[in-house]
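What follows is the residue order along each chain.
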Amino acid sequence: MKSQINPHFLFNNMNNLYSYAIEKSPRTPEIILELSGVLRYMLYECKAKYVSLSKEVEQLENFTNLGRLQIEGRGTVSFSKSIIQSNFWIAPLILIAFLENALKHGSSSQTGDIIILVDIKITEDGLLYFKCSNTYKTQTNTNNLDSGIGLENVKKRLAIIYPKAHTLQIKANEETYEVELTIDLKKSQE
């Protein structure tokens, strides 16, 4: 999972960082810190079977911020969270995989009007609700959004780590791709 995300993610963000450095943007140090934080998380903290939910959400937010750079001027990336209880644990990089997929297909298939929405909610009972949607154009190479190896690996990980404790719904039409994931974090760690 880590090796699938890192090369594409790192390449895009290094290119963005280079552009900001050339322009001598005052945002460059902030971007370096966010990129460093995400890479540190992926390389060191994701070795465990579970990570703290608060840490995973923090990195999801950092990843979203970096994604905004990829589509800057061509659309919007929105991140919202409602976390009532955060002392749960979650398998690392599952949520980020869906966001990375949305960024990749949304930005590669469109030159403008890109919309990526991420919404995460955690109840006090340990129910995680995650929704990620993106716009895309079907006439590009994104016709087979459901058949990527990254998506298949996430489905397998969910089945192994959260058997009978998750639901995953994927909906696609000609303009939008939407993932809805629910995980019972309490049930999965009993």
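Structure first, text after, so check above.
Remember, it's a predicted structure, so these values are computed and weren't measured experimentally. Along each chain, the written sequence defines residue order, and numbers are assigned to residues from 1. Reporting of local features is limited, given that this is a predicted model, to residues whose pLDDT is at least 70; pairs of side-chain atoms are given and counted only at 80 or more, and all residues count toward the totals for whole chains, interfaces and linings. Note that the side-chain values use all heavy atoms of the structure and ignore hydrogens as well as water.

**Student:** Mind showing me how you'd approach the environment of Leu151 here?
**Tutor:** With respect to the element layout, Leu151 can be found in helix α5 (residues 149–161). Relative accessible area serves as the criterion here: at 7%, Leu151 is assigned to the buried category. Between the C-alpha atoms of Leu151 and Asn101, which are 50 residues apart in sequence, the distance is 8.1 Å. What counts as a helix is a DSSP run of H or I of at least four residues, what counts as a strand is a run of E of at least two, and both are numbered from the N terminus. Burial here depends on accessible area, computed with a 1.4 Å probe over protein chains only, as a share of the maximum for the residue type. Under 20% is buried, over 50% is exposed, and the range in between is partly exposed.

**Student:** Would you mind going over the nonpolar core with me for this structure?
**Tutor:** Most often, soluble globular proteins keep nonpolar side chains buried together rather than apart. Grouping buried Ala, Val, Leu, Ile, Met, Phe, Trp, Tyr and Cys residues that are joined through side-chain atoms within 4.5 Å yields what is termed a nonpolar core. Formed by 51 residues in total, the largest nonpolar core has its most connected members in Leu60, Ile90, Phe98, Ile120, Leu128, Phe130 and Tyr162. Residue contributions to this core peak at eight residues, all from helix α4 (residues 94–109). Should any heavy atoms of two residues lie within 4.5 Å, those residues are counted as being in contact. In contact with Ile120, other than residues within four places in its own chain, are Val57, Leu60, Phe79, Ser80, Lys81, Ser82, Leu95, Leu128, Tyr129 and Phe130.

**Student:** Can you help me understand unusual backbone geometry in this one?
**Tutor:** Excluding glycine, residues mostly have negative phi values, and the peptide bonds linking residues are mostly trans. A positive phi is found at Lys24, a non-glycine position, where the angle reads about 55°. With a phi angle near 60°, Lys164 is a residue other than glycine that sits in the positive phi range.

**Student:** Looking at this model, I keep getting lost on the sheet that holds strand β6 (residues 166–172). Mind explaining?
**Tutor:** Pairing between the strands of a sheet comes from backbone hydrogen bonds, and it takes one of two forms, parallel or antiparallel. The rule for pairing is simple: two strands pair if DSSP sees at least two bridges between them. If you trace the five strands from one edge of the open sheet to the other, you get β2-β4-β5-β7-β6, paired in mixed fashion. If you trace the sheet from one side to the other, it starts and ends with β2 (75–83) and β6, each paired once. Taken over all neighbouring pairs, the strand axes of this sheet differ in orientation by 5° on average, direction set aside. Direction of pairing for β2 relative to strand β4 (residues 114–122): parallel, over a ladder of nine bridges. Bridge pairing in β4 places Ser82 opposite Lys121. In this description, a line fitted to the C-alpha atoms serves as the axis of each element, helices being fitted only across the stretch in contact, and the angle between N-to-C directions of two axes falls anywhere from 0 to 180 degrees.

**Student:** Hey, could you run me through the packing of helix α2 (residues 28–43) against helix α3 (residues 53–70) in this one?
**Tutor:** When two helices pack together, you describe them by how their axes are tilted relative to each other and by the distance separating the axes. Orientation of α2 relative to α3, taken along the N-to-C sense of each, is 135°, at an axis distance of 10 Å. Taken together, the axes of α2 and α3 are oblique relative to one another. Seen from above, α2 lies across α3 with left-handed handedness. Residues Ile31, Glu34, Leu35, Gly37, Val38, Tyr41 and Met42 of α2 lie in contact with α3, whose contacting residues are Lys55, Glu56, Gln59, Asn62, Phe63, Asn65, Leu66 and Leu69. Under the scheme applied, nonpolar residues are Ala, Val, Leu, Ile, Met, Phe, Trp, Tyr, Cys and Pro; charged residues are Asp, Glu, Lys and Arg; polar residues are all the others, including Gly. Across the contact of α2 with α3, the residue classes break down as eight nonpolar, four polar and three charged. Orientation labels follow simple angle bins: below 35 degrees gives roughly parallel, above 145 gives roughly antiparallel, 65 to 115 gives roughly perpendicular, and whatever is left gives oblique. Throughout, a crossing is termed right-handed when the near helix is turned clockwise from the far one, and left-handed when it is turned anticlockwise from it by less than a right angle.

**Student:** What should I look at first to understand the pairing of β6 in this one?
**Tutor:** If a strand is regular, its side chains alternate between the two faces of the sheet. Both β6 and strand β7 (residues 176–184) contribute to a ladder of seven bridges, which runs antiparallel. The partner of Lys171 across the bridge, within β7, is Glu178. Once β6 ends, the chain turns through three residues before running back antiparallel as β7.

**Student:** Please explain α2 as it appears in this structure.
**Tutor:** Helix span is expected to be 1.5 Å times the residue number reduced by one. The end-to-end C-alpha distance of α2, which contains 16 residues, comes to 22 Å, matching closely the 22 Å that a straight helix rising 1.5 Å per residue would cover. Within α2, the full set of buried residues consists of Thr28, Ile31, Glu34, Leu35, Gly37, Val38, Leu39, Tyr41 and Met42.

Just distances and angles here, no functional claims.
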